Each structure stands twice: as C-alpha cells, then as structure tokens.
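Secondary and tertiary structure notes
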Amino acid sequence: MHLGLIVETADPERIWNAFRLANEALAAGHEVETFLLGDGVTAPDLEAEKFNPRGVVRKYVNEDGELLACGTCLDSRDLEAGELRPRATMGDLLEIVETADRVLTIG
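For the structure given in this document, a descriptive report is provided here. Numbering of residues starts from 1 in each chain and follows the order in which that chain's sequence is written. Per-residue local features of the predicted model are confined to residues with pLDDT of at least 70, and side-chain atom pairs are confined, for both listing and counting, to 80 or more; whole-chain, interface and lining totals are unaffected and use all residues. With hydrogens and water excluded, all non-hydrogen atoms of the structure serve as input to the side-chain values.

1. Regarding the nonpolar core
Operational definition: Definition used in this section: a nonpolar core is a set of buried Ala, Val, Leu, Ile, Met, Phe, Trp, Tyr and Cys residues joined via side-chain atoms within 4.5 Å. For each residue, the accessible area found with a 1.4 Å probe, counting protein chains only, is set against the maximum for its type, and the residue is called buried under 20%, exposed over 50%, and partly exposed in between. Per the convention used, a helix needs a DSSP run of H or I reaching at least four residues, while a strand needs a run of E reaching at least two, with both numbered from the N terminus. Contacts are residue-level and defined by heavy atoms, with any inter-residue pair within 4.5 Å sufficient.
The biggest cluster of nonpolar side chains holds 33 residues, and the ones touching the most others in it are F19, F35, L36 and Y60. Among the elements of the structure, β1 (2-7), α1 (12-27), β2 (31-36), α2 (53-62), β3 (66-70), α3 (71-76) and α4 (90-99) are those that each provide at least two residues to this core. In terms of residue count, α1 provides more of this core than any other element does, six residues in total. Ignoring sequence-local partners within four residues, the contact set of L36 consists of V7, F19, V41, A43, P44, L67, L68, A69, C70, L84 and R85.

Okay, here's the thing in structure tokens:
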C-alpha cells in the first residue's frame, strides 16, 4: 500500500502518533510519503516530556520515509528547510494525494 500522511499540527502527542504509524507502515513494507503542512512544519523542533516528536521523525527519515514540508508554511514561520523538513510545494502535496492508495490527515 502507498500511504500519504498529512501532518498539520504542532501537538507533540499527535505528531508522535502520526510518525509512529508511519514507521510501523514502513516496517510492514508499505510506501509512506509524509507532508508537513501549517503548524506541522514545526514538528522536527518540538520537544515534550512524555513524547519524542523529533525522535520519531528522525527514525522515519532514517528508514527512508519520504518527508516534505510546505515551503510557504516554512516562510510564514521564518523556518529554514532542512533534512527533517525538506522544502516542497502544493504541487508536491497534490502528487501525494493523487498517487497514494490512502491519505490520512492528522491535525
């Protein structure tokens, strides 16, 4: 299965759970593409006492999960693109939506 995951939240627990699912899907042999949108572009920076958003995002990238981040959303928050949030466009998000078997939004 090809899973498209849209993360549109800065809530550490929701991000943690989204990437736990993404990592589980990768481990099961599925293709996963994740797009950080809106407040989701802050996911790699978040720290929380009970959750580890940055850790699950890093694991996802290390396991060859495809990760993209909305460039306009980065700019509006004065954030730089990087390994854990590569700059992308709405065209890239549209491609994910068009090609994925299932699309899940967590926000």
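That shown, we press on.
2. Brief notes about the pattern of salt bridges
How we decide: For this document, the term salt bridge refers to a Lys or Arg side-chain nitrogen within 4 Å of an Asp or Glu carboxyl oxygen.
What the rule picks out here adds up to four salt bridges. D45 serves as the salt-bridge partner of R85, at 2.9 Å between the closest nitrogen and oxygen. Taken together, the positions of R85 in the loop between α3 and β4 (87-88) and D45 in the loop between β2 and α2 put the pair 40 residues apart, joining distant regions of the chain.

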